[in-house]
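Listed here are the chains, written in short residue letters.
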Protein chains: 2
Amino acid sequence: MAPSANAFPQRAASAIPALLECVHACTDAARLRDALPFVVGGAQVGLVMPGVARLLRRWPEVYRVGDGCIELIAGGDSVQARSDAVMETVLALRDAGDVERLRGWRGETWPVKASFHAEPCLLVERAAVPMFGALAFGSFVNGLCADDHLWIGRRSASKQTYPGRLDVIAAGGLSHGESPSTNVVKECVEEASIPPSIAARAVPAGLISYATADESGLGVKRDCCFVFDLELPATFVPTPHDGEVETFRKMHVGEVLDSLVSAPHGWKPNVCLVIIDLLVRRGYLSPDADGYVELVRALRQ
Amino acid sequence: MAPSANAFPQRAASAIPALLECVHACTDAARLRDALPFVVGGAQVGLVMPGVARLLRRWPEVYRVGDGCIELIAGGDSVQARSDAVMETVLALRDAGDVERLRGWRGETWPVKASFHAEPCLLVERAAVPMFGALAFGSFVNGLCADDHLWIGRRSASKQTYPGRLDVIAAGGLSHGESPSTNVVKECVEEASIPPSIAARAVPAGLISYATADESGLGVKRDCCFVFDLELPATFVPTPHDGEVETFRKMHVGEVLDSLVSAPHGWKPNVCLVIIDLLVRRGYLSPDADGYVELVRALRQ
């Protein structure tokens, strides 16, 4: 897919307000206005909604809830002792039914980190990640093919999150210590049966990061997504492998754009950001259009 | 220049801290901590340093200097009357020698706008733009050629700003009402003798925006730069035309990277941002490298 400056300039210009709405839906920072930084070992590692802060006040020996931040004070410098202290409070909240999302208990620990390469300062149950607004990292692959076409997947109807929605060709969460380029090859193989020799040609193209409150008002989603572009041979057809994706379809960029505008809820929300970023980077949107500056800024806030 | 994921991964990883320093040098938001929004007609259109705010207090009938912002109150809803009132205060500051930069009086008015497509709400003398921290818009063209090479210009020794520094193949400021794609073709012709038929192939690739205090502490530079990539035929050699550029040289991306790291002051500062953005978009930097996330976020703050 060669960059093409003059593709659909008319359509793209009229699409910009709708694309800006897609971005805002995923990155609405206004709902986070009253969220408090969650501090562990002197560094901010999360963001906590006021409703959660009220619940955490029950354990003043574990959390110091101030006006400006919530600090984990139990466990000293020990990651294990901190994690044990936090686990006790999270279990109590689950058992009391105070936080809806904790009903989706995963039995899986998640590393809470100040930045991508930092060592974890705390491990929490995965279902409690949004409660603390801990950072999550993922990778997303745009499957590009000739003549301005993209390979788009439809998520399996049995997926826990966003079943049946449209998605990029491959994507996945990064476990602690896993590199984005290793993860991309793994996800390409697992989700779309792309051979490693082809997947390894994926070119890194930056990242999309955002923070937003979830529907419950008790969770914060803070994601940092590494974006890759993968040019696929004309003869290659991706096929579902691990059941995460139901079908793949080759769509023209114009059709993708129309779908983002007319049926944004048909897409996994953060995938909208990844594709709008692609449209910007590859010149499918004209900077002459009213709202272009606001769109790019919103995307990269 | 095809994207190449695995170009110089070693060199690029070690370069990231130096590239981050380049970005910070151009976008240091810390120095703007005490700057006040400049409000005209109910909308923020600029940013004023405390030293300038103190000077503007001399005209309480023109500016309302509050704790949280500075508001233009003279002139009502009339752009002409506002502009006349502001001009009187700027002339007085120039004549008193209070603002060094006003000695570079241009005799040219600049449209102050809330956003790119908004109508100007005020016209100010161009030398006073940083005093009010008004937004400026420009376009930048990356001149790309085969085998990971870039055309780089050296600014004329007689340029008023950044003489002798390295620069992209073409760039320019946008006048009010001029579209980025029109401006790009004009600048390509004027600065590098690129025929319009080739210049028109420039592909928009997003934008770089930043705000920073100038050296005097009395000015704020708020720029929004539209970025274009232009793939040039192997046989094409740009030549200076209007005297803005002295010479052009084809440099390998690795050489450009080394130069940004070892001699960042040899480059026009905002051009460093444009080229780092190119390195990110085209996969010359690996997301596996420590500091990649911080670099991309700093670039797109």
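This write-up is about the structure you can find in this document. Starting afresh in each chain, residues are numbered from 1 along the sequence in its written order. Chains carry letters and ligands carry numbers; both start at the beginning, A for chains and 1 for ligands, and go up in the order they are written. Selection of residues for local features in this predicted model requires a pLDDT of at least 70, selection of side-chain atom pairs for listing and counting requires 80 or more, and totals for whole chains, interfaces and linings are taken over all residues. Based on all heavy atoms of the structure, the side-chain values leave hydrogens and waters out of the count.

Observations regarding the overall build of chain A
For chain A, the helix and strand inventory stands at nine helices and 13 strands. Restricting the calculation to C-alpha atoms gives the radius of gyration, and the globule rule supplies 2.2 Å times the number of residues raised to the power 0.38. For 301 residues, the compact-globule estimate of 2.2 N^0.38 gives 19 Å, and chain A sits close to it at 20 Å. Its C-alpha atoms put chain A at 60 × 40 × 30 Å along the principal axes. Split into buried and exposed, the 301 residues of chain A put 55% on the buried side. Contacts are assigned to residue pairs that have any heavy atoms within 4.5 Å of one another. Taking all contacts inside chain A whose residues are at least 6 apart in sequence as the whole, residues at least 24 apart take part in 65%. For chain A, the accessible surface area stands at approximately 12200 Å², while carbon and sulfur atoms represent 52% of it. Helix and strand assignments come from DSSP, with helices taken as H or I runs of at least 4 residues and strands as E runs of at least 2, each series counted from the N terminus. Burial classification: accessible surface area is computed with a 1.4 Å probe over protein chains only, and a residue below 20% of its type maximum counts as buried, one above 50% as exposed, and the rest as partly exposed. Areas reported here follow the Shrake-Rupley algorithm with a probe of radius 1.4 Å; residue values treat only the protein chains shown as occluding.

Here we look at the sheet that holds strand S3 (residues 63–65) of chain B
Residue and element names in this part refer to chain B. Whether two strands pair comes down to DSSP finding at least two bridges between them. Spatial ordering of the open sheet is given by S2-S1-S4-S3, a layout of four strands whose pairing is mixed. Only two strands of the sheet have a single partner each, and these edge strands are strand S2 (43–48) and S3. For this sheet, the mean angle separating the axes of adjacent strands, direction not counted, is 25°. As paired strands, strand S1 (residues 36–40) and S2 are joined by five bridges and run antiparallel to one another. Counted as the bridge partner of Phe38 is Gly46 from S2. With axes taken as lines fitted to C-alpha atoms, and helix axes fitted only over the stretch in contact, angles between N-to-C directions fall between 0 and 180 degrees.

Some details on the pairing of strand S8 (residues 149–155) of chain A
Residues and elements named next belong to chain A. Extensive coverage of S8 is indicated by the burial of five of its seven residues. Examined bridge by bridge, strand S7 (residues 135–145) and S8 share three bridges and lie antiparallel to one another. Across the sheet, Gly143 pairs through a bridge with Trp151, a residue of S8. With antiparallel pairing between neighbouring strands as the criterion, S7 and S8 make up a hairpin whose turn holds three residues, including Asp147 at a positive phi of roughly 60°. Pairing of S8 with strand S13 (residues 245–252) involves seven bridges; the strand directions are antiparallel. Pairing of His149 across the sheet is with His252, part of S13. When S8 meets strand S9 (residues 166–167), the two strands line up antiparallel, connected through two bridges. Within S9, the residue paired with Gly153 across the bridge is Asp167.

Section: the relation of the copies chain A and chain B
Here the copies are matched by least squares. The fit uses the C-alpha atoms of residues with pLDDT of at least 70 in both. Aligned on chain B, chain A shows an RMSD of 0.0 Å; the corresponding rotation is 180° and the shift along the axis is 0.0 Å. Those values place the two copies in the arrangement expected of a two-fold rotation axis. Most of the interface of chain A is mirrored in chain B, where 100% of its interface residues again form contacts.

Details of the packing of helix H7 (residues 253–262) of chain A against helix H8 (residues 269–281) of chain A
Packed helices, taken two at a time, are described by the angle their axes make and the gap between the axes. Residue and element names in this part refer to chain A. Following both chains from N to C, one finds H7 and H8 inclined at 135°, their axes separated by 11 Å at the closest point. It follows that H7 is oblique to H8 by the angle criterion. Classified by chirality, the crossing of H8 by H7 is left-handed. Taking contact as the criterion, the partners of Val253, Val256, Leu257 and Leu260 in H7 are, on H8, Cys272, Ile275, Ile276 and Leu279. Amino acid classes used here: Ala, Val, Leu, Ile, Met, Phe, Trp, Tyr, Cys and Pro are nonpolar; Asp, Glu, Lys and Arg are charged; the rest, including Gly, are polar. Residues belonging to the contact of H7 with H8 are distributed by class as follows: eight nonpolar, no polar and no charged. Angles below 35 degrees are treated as roughly parallel, those above 145 as roughly antiparallel, those between 65 and 115 as roughly perpendicular, and all remaining angles as oblique. The sense of a crossing depends on the near helix, which, turned anticlockwise from the far helix by less than a right angle, makes the crossing left-handed and, turned clockwise, makes it right-handed.

Some points on the sheet that holds strand S2 (residues 43–48) of chain A
All names here are of chain A. The mixed open sheet is built from four strands, whose spatial order is S2-S1-S4-S3. Each end of this open sheet is capped by a strand with a single partner; those strands are S2 and strand S3 (63–65). Across the sheet, the axes of successive neighbouring strands diverge by a mean angle of 25°, strand direction being ignored.

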